[in-house]
Amino acid sequence: MTKIAVVPGSFDPITNGHLDIIERAAKVFPEVRVAVMNNSSKNPLFTVEERMDLISAVTSKFPNVIIESSSGLLIDYARKAGASVIVRGLRAISDFEYEMQITSMNRMLDESIETFFVMTKNQYSFLSSSIVKEVARYGGDISALVPSVVEKALREKYID
Ligand code: ADP
C-alpha cells in the first residue's frame, strides 16, 4: 500500500495552524502532498500560484512535502496522486459537522481512501485564514499567527 497523504485546503493564506498540521503529517507519512484547492465558492485574496509559493517557502525544510494544486474533486486528485490518506485538521466542534459531511461524501466516492484528523494545538484553535486576513486588513499584529513571509505578503496585499 502506498503511504502518500494529501493535506488539502484553500490556504488563503497558510497560517501557523496549517503549518502545524502539515509538519505533523510529514512526520508520519513518507510523502505528503499539500493540495491547494481551487474550486471552492470562496473569493480568494491570493492566487493559487501565490498560495503555492508561500507554502513552498515555509515547508522547504521538509523534503517529503510536495506542493500541488487542483481544481477538480479532491478524491480525483488523491486517486491520481496515488494517495491512500487525506489529512484534515480539526479545531473546534464547529469544524466537526462540515468535516463529517465531506468525509462521508469522499468515502462514498472512494472507499479505499481514508480521512485522518489531526487535532490542532491549543494555541491555534481559534486560528483561521479569514481571521488573519481580517486582522491584517486593519493593521493588527499577526506575527504570532503566520510565518513572517506570509505576514509580509499580507501587508503588501493590504497596502493601498
Ligand atoms: P478548506 O477551505 O478546505 O477548509 P482551509 O485552508 O480553511 O481550507 O483549511 C485546510 C485544512 O486545515 C482544514 O482541514 C482545516 O480544518 C485545517 N486548519 C485550518 N486552520 C487550522 C488550525 N488553526 N489548526 C488546525 N487545523 C487547521
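The coordinates are above.
Cut-off values and rules
Residues numbered from 1 in each chain as written. Predicted model: local features only at pLDDT ≥ 70, side-chain atom pairs only at ≥ 80, totals over all residues. Heavy atoms only, no water. Salt bridge = Lys/Arg side-chain N within 4 Å of Asp/Glu carboxyl O. Helix = DSSP H or I, 4+ residues; strand = E, 2+ residues; numbered from the N terminus. Expected span 1.5 Å × (residues − 1). Buried < 20%, exposed > 50% of the residue type's maximum accessible area, 1.4 Å probe, protein only. Arc of directions from axis to C-beta. Contact = heavy atoms within 4.5 Å. Core = buried A, V, L, I, M, F, W, Y, C linked by side-chain atoms within 4.5 Å. Near = heavy atom within 4 Å. Polar contact = N/O pair within 3.5 Å; in protein donor to acceptor, adjacent residues only side chain to side chain. Areas by Shrake-Rupley, 256 points an atom, 1.4 Å probe, with all protein chains shown as cover. Nonpolar A, V, L, I, M, F, W, Y, C, P; charged D, E, K, R; others polar.

Asks: Before we go on, may I ask you to explain the pattern of salt bridges in this structure?
Replies: A side chain of one charge can pair with a side chain of the opposite charge if their charged atoms are brought near each other. Taken as a whole and judged by the stated rule, the model has 13 salt bridges. When the shortest N-O distance is used, the salt bridge between Arg24 and Asp20 registers 2.7 Å. Here Arg24 and its partner Asp20 are both found in helix H1 (residues 16-28), 4 residues apart, which amounts to about one turn of the helix. Each of Asp20, Arg24 and Lys121 takes part in one network of salt bridges that share partners.

Asks: What's the story with helix H2 (residues 48-59) in this structure? I'm lost.
Replies: For an α-helix the count is 3.6 residues per turn, leaving residues at separations of three or four pointing the same way. Here H2 spans 16 Å end to end across 12 residues, near enough to the 16 Å set by a 1.5 Å rise per residue. The complete set of buried residues in H2 reads Val48, Arg51, Met52, Leu54, Ile55, Val58 and Thr59. The arc that holds every buried residue of H2, seen down its axis, measures 160°, which confines them to one face. Within H2, the exposed residues directed more than 90 degrees away from the buried face are Glu49 and Asp53. Along its buried surface, H2 packs onto H1, strand E2 (31-37), strand E3 (65-70) and helix H6 (148-157).

Asks: Looking at this structure, I do not really get the nonpolar core. What am I missing?
Replies: Across soluble globular proteins, nonpolar side chains show a tendency to be buried alongside one another. Membership of the largest hydrophobic core comes to 35 residues, with the highest contact counts inside it found for Val7, Phe11, Ile14, Val32, Val34, Val65 and Val87. When residues of this core are traced back to their parent elements, those giving at least two are strand E1 (4-9), H1, E2, H2, E3, strand E4 (85-90), helix H5 (129-137) and H6. Contact partners of Val87, with chain neighbours within four places excluded, come to Ala5, Val6, Val7, Pro8, Ile21, Ala25, Phe29, Phe116 and Val118. Counting 12 residues, the second-largest nonpolar core is a separate cluster that includes Ala35, Met37, Ala78 and Ala81.

Asks: What is the right way to read the site of the ligand from this model?
Replies: Within the structure, the ligand sits among 15 residues, and Ser10, Lys42, Gly89, Thr120 and Tyr124 are positioned closest to it. Between the ligand and Arg91, the relevant distance is 3.3 Å, taken from a nitrogen atom to a side-chain nitrogen or oxygen of the residue. The backbone of Tyr124 places a nitrogen or oxygen atom 2.9 Å from a nitrogen atom of the ligand. The fraction of the free accessible surface of the ligand (550 Å²) that becomes covered by protein chains is 91%. With 3 residues, H1 is the largest single contributor of residues to the shell around the ligand. In terms of residue class, the shell around the ligand is built from 5 nonpolar, 6 polar and 4 charged.

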